[in-house]
Amino acid sequence: MMIRIEDIIEKVEGNRPDPDTELIRRAYLFSALHHRGQKRASGEPYLVHPLEVANILADMRLDEVSVSTGLLHDVVEDTLVDLDTIRSYFGDEITLLVDGLTKIAHISNLSKEKQQAENVRKMVLAMITDVRVVLIKLADRLHNMRTMQFLKPEKRARIAQETLDIYAPIAHRLGMGKMRSELEDLSFQNIYPEEYKKLSKEVDARRPELEAILERIKSMISSKLAENDVPVVAIEGRVKRLYSLWKKLKKQKIAIEQVYDLIATRIITPNDRKYCYLTLSVVHDIWTPVPERFKDWIAIPRDNLYQSLHTSVIGDGGQPFEVQIRTEEMHQIAEEGVAAHWKYKEKKLGASDEDETLDELRKTVEKLLLPLVETTEVNEDSEDFIESLKLDLYPKDVYAFTPMGKVIQLPKGATPLDFAYAIHSEVGDTCTGAKINGRIVQLRTEIQNGDVIEILTTPNSKPSRDWLNFVVTSKARNRIRHWISEQQRSDSIELGRKLLEKEAERFRVSSKKLLNNEVELKKIANDYGLSRAEDLLASIGYGKTLPRNVLSKFLGAEKFAELDPDKRNQTRLETGIKAVRKFIGLGEDAIIVKGVDNLLTTRARCCNPLRGEDIVGYISLGKGIVVHSKKCKNVRQLMINKDRIVEVDWAKNDKDEIQSVAIMVTTENRTGMLAGITNAIAEIKTGIRDARANVSRDDTGIIEVTVEVYDKKHLDRVISSIEKVPGVIAVERQNA
Ligand code: MN
């Protein structure tokens, strides 16, 4: 049945002192006249829509100007009436509001997305001037969402998606909890009808049980509050809303039973926050609270003005549930947000304190909408605008875009690698670079809201262990870890095979004979508690099992002693390193250190050897081969463990790998030293990662620079370049 205008007027009269009801009646007649003959998709007269919108606004206790605008909001858009006519009948105030609510005229050369963007931009600009624009727009959208069943499914999904992207977040931003909830649930229902049905069936099946529990909880709270003389206004119980339940189930991948706030109770206290805390202590006295779930939004209100205490407790049956405690006033704000603050226009009020309230409200709204205002000023392009509008509404996440415009939602701090893995594991694994907004960036660059990210991939390229230091999503992290452990295993088998081969040759045993003897290798593996020959090789590669011991088992004690090269020769260094040189290495006579910091060859931290320097390898337990500079003071000590020393050599630097090296420069204490040195480094096209200047006690300058070099020769050039800078006393490499 169509709602009657008199009912709406009655509501406004009930909510507001002395409203201009004549204005509402005139707006109604005007709207009825001009929408005459128009029908909605349902077949009803079009007038139903503006009437229902006006009714929602009256329920929000808005003023007669808002309610009248609700009646007129579609007149300019959908009839022949223009804004000037509205102005001549209703004045500037309503005209401004109606204009803010009227979509821009259809421009045929604009894409659908651009049109939508322009419309939202227009609305946001209008609501900065008068927040009633957005309240009316929300009421309009709410009624349309409630009556969507007559539209085609595709259209429903599209409108619902827009609601979810733009209007529900705006409602949330303005603290309008009730509006937001209804918009979200209706959107959910229309975008994912199947999942909505499934979930609501699931919840409905449990509803009687849940409601019985809620009843028991409520009466328990009520009697305990009475026992303790704590006053209460109302106790409400509810089952979690479907959309937020669905989101939680999806996000946390949990079953419905594990949802903490599937049921919740709300205790409304009289208007003094002390009752909230009193009530809280009573609740915590009845049930055990879950400590990390207590939140005091009263002491620290959310920025949309929401205030409440939240606590989760373990109920009698072990069923956890949430309790929200707030005063009547806080409750009204939680449900209605800025609409609850809405007061009369100044001219209607004699009291000046009302002006202050209005001013305060305006400030609040401005604060809430400020990010949107800024966005509208910065961005010229309308599509950019709608994207950044969406972004500003969800500040916890960053939204980035593929070059094709697909939105990828990531947690704050995410990098292009997270983005790459979010697109596809394969894209992540083969990622070798990224462009943000067209510019090449480092993979560790933090993504900002609205960045357009292009991932550069190279086929057959592999993840790097280093990536773990800066990815933040679990998808990327897990995938990289998985890759590393697989790669590490195959590398270690490979390395173990080489080391065992080498040892066999040293004993003048045919390495083929040994390595092809699967049965014997398996037996030895079993001796070490391993099941397969491959595991034995991996264990050798990891440095857990020494090839010498494996050989001893293979040959038997007697033969082993007989063939032991260490017994035949005087020094280990002579034979060891020579034998290694002879037997391993790919065409060379040493194991080739492939690239830098491979999975099973790592650079020793103590000496940080530079490509081009003389190096030696040490098989360390679980880390594979650690490469030291031959000059490193630790090497002599490591030599004692001669079984673990291997000869290594640098592979060709075909990937242009760079390495950071710290340099300490001692200078005269005068100004401009740091600039002079960094200039000298930059002049020979060398990257600087870090540079800092200090003055030492003896009044010399100490400058520490970290440079990025390809090899030893490169570093030597850097050092001699720094030495030429006037005022430089000494240049010294750190960590060598
Ligand atoms: Mn409308």
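The structure displayed is predicted, hence computed values, not measured ones.

J.: Is there a simple way to think about the sheet that holds strand E18 (residues 659–668) in this case?
T.: Where strands meet in a sheet, backbone hydrogen bonds hold them as pairs that are either parallel or antiparallel. Spatial strand order, E19-E20-E18-E21: 4 strands in an open sheet with antiparallel pairing. Looking at the sheet topology across the chains shown, the edges are occupied by strand E19 (687–695) and strand E21 (728–733). With direction set aside, neighbouring strand axes in the sheet form an average angle of 20°. Bridge count for E18 against E21 is 5 bridges, and the pairing is antiparallel. Of the residues in E21, the one forming a bridge with Thr667 is Val728.

J.: Please explain the coordination of the manganese ion as it appears in this structure.
T.: Geometrically, a metal with four donors at the corners of a regular tetrahedron has ideal angles of 109.5 degrees, and one with six donors at the corners of a regular octahedron has ideal angles of 90 or 180 degrees. Taken together, the protein donors to the manganese ion comprise His49 (NE2), His73 (NE2), Asp74 (OD) and Asp140 (OD), at separations of 2.2 to 2.4 Å. Written as a sequence motif, the donor arrangement for the manganese ion is H-x23-H-D-x65-D. With respect to burial, His73 and Asp74 carry one shared label: buried.

J.: Just checking my understanding: could you explain the sheet that holds strand E9 (residues 431–436) for this structure?
T.: With antiparallel pairing, 3 strands are arranged side by side in an open sheet as E10-E9-E11. Because the sheet does not close on itself, it has two edges, and the strands there are strand E10 (439–441) and strand E11 (453–457). Neighbour to neighbour, the strand axes of the sheet diverge by 35° on average, direction disregarded. Relative to E11, helix H18 (residues 416–423) is tilted by about 80°, and along the sheet it contacts E9, E10 and E11.

J.: Explanation requested: unusual backbone geometry in the structure shown.
T.: Glycine aside, residues mostly have negative phi, and peptide bonds are mostly found in the trans state. We note that Asp18 has phi near 50°; this positive angle belongs to a residue other than glycine. Asp18 gets classed as exposed once you look at its relative accessible area, which sits at 65%. Its identity is not glycine, yet Asp229 carries a phi of approximately 55°, on the positive side. Among the structural elements, Asp229 can be located in the loop between helix H11 (193–227) and strand E1 (234–239). Assessed through its relative accessible area of 69%, Asp229 is described here as exposed.

J.: Hey, could you run me through the nonpolar core in this one?
T.: Side chains of nonpolar character tend, in soluble globular proteins, to be buried together. Ranked by internal contacts, the top residues of the largest apolar core, which has 93 residues, are Met60, Met176 and Leu199. The leading source of residues in this core is H11, at 9 residues. The residues contacting Met60, other than those within four sequence positions of it, are Leu135, Met176, Met179, Glu336 and Ala339.

J.: Help me understand the side chain of Thr311 in this model?
T.: Turning to its location among the elements, Thr311 is positioned in strand E5 (residues 309–314). A polar contact of 2.8 Å, which involves the side chain of Thr311, links it to the side chain of His284. Those residues in contact with Thr311, other than ones at most four positions away along the chain, are Leu280, His284, Pro289, Arg293, Phe294, Phe321, Glu322 and Val323.

J.: Can you help me understand the environment of Asp527 in this one?
T.: On the secondary structure map, Asp527 appears in helix H22 (residues 518–527). Residue classification places Asp527 among the exposed residues on the basis of a relative accessible area of 54%. In sequence terms Asp527 and Lys553 are 26 residues apart; their C-alpha atoms lie 9.3 Å from each other.

J.: Just checking my understanding: could you explain the pairing of strand E20 (residues 700–709) for this structure?
T.: Within a regular strand, side chains alternate between the sheet's two faces. Buried residues dominate E20, accounting for 9 of its 10 residues. When E18 meets E20, the two strands line up antiparallel, connected through 10 bridges. From the neighbouring strand, Met664 faces E20, where its bridge partner is Glu704. The antiparallel hairpin formed by E19 and E20 contains 4 residues in its connecting segment, where Asp699 sits at a positive phi of about 65°.

J.: What am I meant to see in the packing of aromatic side chains here?
T.: Two descriptors summarise a pair of aromatic rings, namely the distance from one centre to the other and the angle between the planes of the rings. Applying the stated criterion across every chain, the model contains 10 aromatic pairs. Here a set of aromatic residues connected by ring pairs shows up, and it is made of Phe188, Tyr192, Tyr196, Tyr243 and Trp246.

J.: Would you mind showing me how to read the side chain of Thr706 here?
T.: Relative to the helices and strands, Thr706 is located in strand E20. Thr706 sits in the buried class, given a relative accessible area of 18%. Excluding residues that lie within four positions of it along the chain, Thr706 makes contacts with Ser660, Val661, Ala662, Gly687, Ile688, Arg689 and Asp690.

J.: Looking at this structure, how should I read helix H3 (residues 48–59)?
T.: Because an α-helix packs 3.6 residues into every turn, residues spaced three or four apart end up facing the same way. Between the first and last C-alpha of H3 there are 16 Å, a value that for 12 residues agrees with the 16 Å anticipated at 1.5 Å per step. Where burial is concerned, most of H3 is hidden: 11 out of the 12 residues are buried. Within H3, burial applies to Val48, His49, Pro50, Leu51, Glu52, Val53, Ala54, Asn55, Ile56, Leu57 and Ala58. Along its buried surface, H3 packs onto helix H1 (5–15), helix H2 (21–34), helix H4 (64–72) and helix H8 (132–146).

J.: In this structure, what is going on with the pairing of E9? I would like to understand it.
T.: Where E9 and E11 come together, 5 bridges link them in antiparallel fashion. Following the sheet pairing, Lys435 is matched in E11 by Glu454. Looking at chain direction, E9 and E10 are connected through 3 bridges and run antiparallel. Within E10, the residue paired with Ala434 across the bridge is Val441. Once E9 ends, the chain turns through 2 residues before running back antiparallel as E10, passing Asn437 with a positive phi of about 50°.

J.: How do you make sense of a positive patch on the surface when you look at a structure like this?
T.: Taken together, the side chains of Lys103, Lys152, Lys155 and Arg158 present a region of like positive charge at the surface. Turning to its location among the elements, Lys103 is positioned in the loop between helix H6 (83–101) and helix H7 (112–129). Look at Lys103 and you get partly exposed, because its relative accessible area is 47%.

Conventions adopted
Residues numbered from 1 in each chain as written. Predicted model: local features only at pLDDT ≥ 70, side-chain atom pairs only at ≥ 80, totals over all residues. Heavy atoms only, no water. Pairing = 2+ DSSP bridges. Helix = DSSP H or I, 4+ residues; strand = E, 2+ residues; numbered from the N terminus. Axes fitted to C-alpha atoms, helices over the stretch in contact; angles between N-to-C directions. Donors = N, O, S within 2.8 Å, 3.2 Å for Na, K, Ca; no water. Buried < 20%, exposed > 50% of the residue type's maximum accessible area, 1.4 Å probe, protein only. Contact = heavy atoms within 4.5 Å. Core = buried A, V, L, I, M, F, W, Y, C linked by side-chain atoms within 4.5 Å. Polar contact = N/O pair within 3.5 Å; in protein donor to acceptor, adjacent residues only side chain to side chain. Phe/Tyr/Trp six-rings, centres within 6.5 Å; stacked < 30°, edge-to-face > 60°. Expected span 1.5 Å × (residues − 1). Patch = residues over 30% accessible without salt bridge, like charges linked within 9 Å, V, L, I, M, F, W, Y side chains within 5 Å. Areas by Shrake-Rupley, 256 points an atom, 1.4 Å probe, with all protein chains shown as cover. Salt bridge = Lys/Arg side-chain N within 4 Å of Asp/Glu carboxyl O. Lys, Arg positive; Asp, Glu negative; His and termini not counted. Charge placed at Lys NZ, Arg CZ, Asp CG, Glu CD.

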